[in-house]
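# Results of the structural survey
What follows is each chain in one-letter form.
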Amino acid sequence: MLYENIKDAIKRLPVPKFNISNTKIDCKNNSSAYMLCIADLHYGADFVSDNNIYNRKICKKRIEQLTNKVINKCKMLNVTTLNITTLGDCIQGMLRISDVKINDIPVVECVVEVSRLIAQMLNEISKVTYITYYHTMASNHSQTRPLNSKQLLAEEDLEVIIGNYIKDMLRYNKRIKVILSNKDYNSIQLVGQNILMLHGHQIKNINNVIKDYSIQHKKWYDIVICGHLHGGSSQSLGELNGNTELKVVPSIVGSDPYSDSLKVGSKSMSKMYKIEKSNGITEEYTFVLN
C-alpha cells in the first residue's frame, strides 16, 4: 500500500521543466574540486520553536535561497563542475509515533514533493555548471520501521525512492550525473582525496569515524562528511594526504523544539567546500538560510 500510494502521488505531479543553457564550460581543472553539502531537510515537519519557524513552504523558500546563493557563488568562483551531496533525512518521516503531530501531510506526499524540490534545484544550478550529484540512500528519519521493527528492517528506507525519483526526473539533463549509493554511505575520490559521505546515524563514536571506516574499508579516508547532528562542526584528525578532516554539516531545518529543550540550536545552513589535491579542504563557504 505504501509503494502504491507513492506511485499514485508521483502521477499527480508533473516532471519539472528546465532549459539547458548553451554556456561553454571548461572542465580541465584537475587540481581542485568543489563540494556542496545539504543535510537534514526534514521535509514535512511543521513547528514553531524559540528561534525558528518551519514548514514545507519555508523549506521550499530556503532551497530557493540556497539555489540562488550557489549559482552566484559558482559564477564568482568560475566553478565549472560542482559536486553536490544530500546527506539524508530529506523527510521528517515516521521514525516515532510523535512524528504524527509534526508532519502536516502524509509521508508519501513528502517523498514526492521533496524529490521534485531537489530536482528543481539541481536543474537550476546546472544552467551555470556541470553537476555530479550524490544521494545518500540511508538515514534514520526516512526509515519506515514497519510493525514497530525499530532498526531491524533498516533497509526499508524511503531515501531509496527519493534518490531514484530524482534520477528519473533528471535523466534528460546531460549536465547532471546522478550517483546513488548502494550502501548506507558514498565513498568517492576527488582530486586524489578519498572522501566518505554518510548521514551519520550509524556512527558510534564520531571522534573515531575516520579511523574506524579506514580500517573497515582497508583504505585511508582523507575527508569524512556527515549530517544528522544538525549543528555544524569541524575536526582535524591527522595528516597523510593533506589535512585529514571530519566535517559535520548543519541542517536545512535548523533549530527545533527538541534542540530548544537541550538549550542548543543552529541556523538553517548549507556548506560548500573547496578540496585541493594533496591539501584537503582549503576553503569553506557557509550559506545561511534563515
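Values in this document were obtained by computation on a predicted structure and should not be read as measured data. Counting restarts for each chain: residues are numbered from 1 in the order of the written sequence. It should be noted that, the model being predicted, local features are given only for residues of pLDDT at least 70 and side-chain atom pairs only at 80 or more, the latter also being counted only at that level, while totals for whole chains, interfaces and linings use all residues. Computation of side-chain values: all heavy atoms of the structure, hydrogens and water removed.

### Re the sheet that holds strand β5 (residues 130–135)
With respect to topology, 6 strands assemble into an open sheet ordered β6-β5-β4-β1-β12-β13, the strand pairing being mixed. Of all strands in the sheet, those bounded by a partner on one side alone are β6 (176–180) and β13 (280–288). Recorded for the sheet is a direction-independent mean angle of 20 degrees between the axes of neighbouring strands. Being paired, for any two strands, means DSSP has found at least two bridges between them. Strands here are runs of E lasting at least two residues and helices are runs of H or I lasting at least four, both read from the DSSP assignment and numbered beginning at the N terminus. Direction of pairing for strand β1 (residues 32–38) relative to strand β12 (residues 269–276): antiparallel, over a ladder of 6 bridges. Across the sheet, residue Y34 finds its bridge partner in β12, namely K274. Here the axes come from fitting lines to C-alpha atoms, over the contacting stretch only for helices, and the angles between their N-to-C directions go from 0 to 180 degrees.

### A closer look at the confidence of the model for the protein chain
Interpreting fine coordinate detail is not advised for predicted regions of low pLDDT. The predictor's confidence in any single residue is recorded as pLDDT, a number from 0 to 100. Summarising the model, the protein chain shows a mean pLDDT of 86, and 81% of its residues fall at 70 or more. Predicted confidence in the protein chain is weakest over helix α3 (residues 99–102), with a mean pLDDT of 56, and strongest over β5, with 98.

### Regarding the state of the cysteines
The criterion for a disulfide is a pair of cysteine sulfur atoms lying within 2.5 Å. Going through the model one piece at a time under the given rule, you end up with 0 disulfides. Counting only cysteine sulfurs, C90 is the nearest neighbor of C59, a cysteine outside any disulfide, at a range of 9.3 Å. For every residue, the accessible area obtained with a 1.4 Å probe (protein chains only) is divided by the maximum for its type, and the residue is called buried under 20%, exposed over 50%, and partly exposed between those limits. With a relative accessible area of 1%, C90 lands in the buried category.

### Some thoughts on the pattern of salt bridges
Think of a salt bridge as a Lys or Arg side-chain nitrogen and an Asp or Glu carboxyl oxygen that are within 4 Å of each other. For the structure shown, the criterion picks out 8 salt bridges. Close ionic contact of R56 with E113 constitutes a salt bridge, the shortest N to O distance being 2.9 Å. Residue R56 is located in helix α2 (residues 56–77), and its partner E113 is located in helix α4 (residues 107–125); the two are separated by 57 residues in the primary sequence. R56 gets classed as partly exposed once you look at its relative accessible area, which sits at 24%. Residue class for E113 comes out partly exposed when judged on its relative accessible area of 21%. Between K274 and E276 there is a salt bridge, and its shortest N-O distance comes to 3.7 Å. When its relative accessible area of 21% is taken as the criterion, E276 is described as partly exposed.

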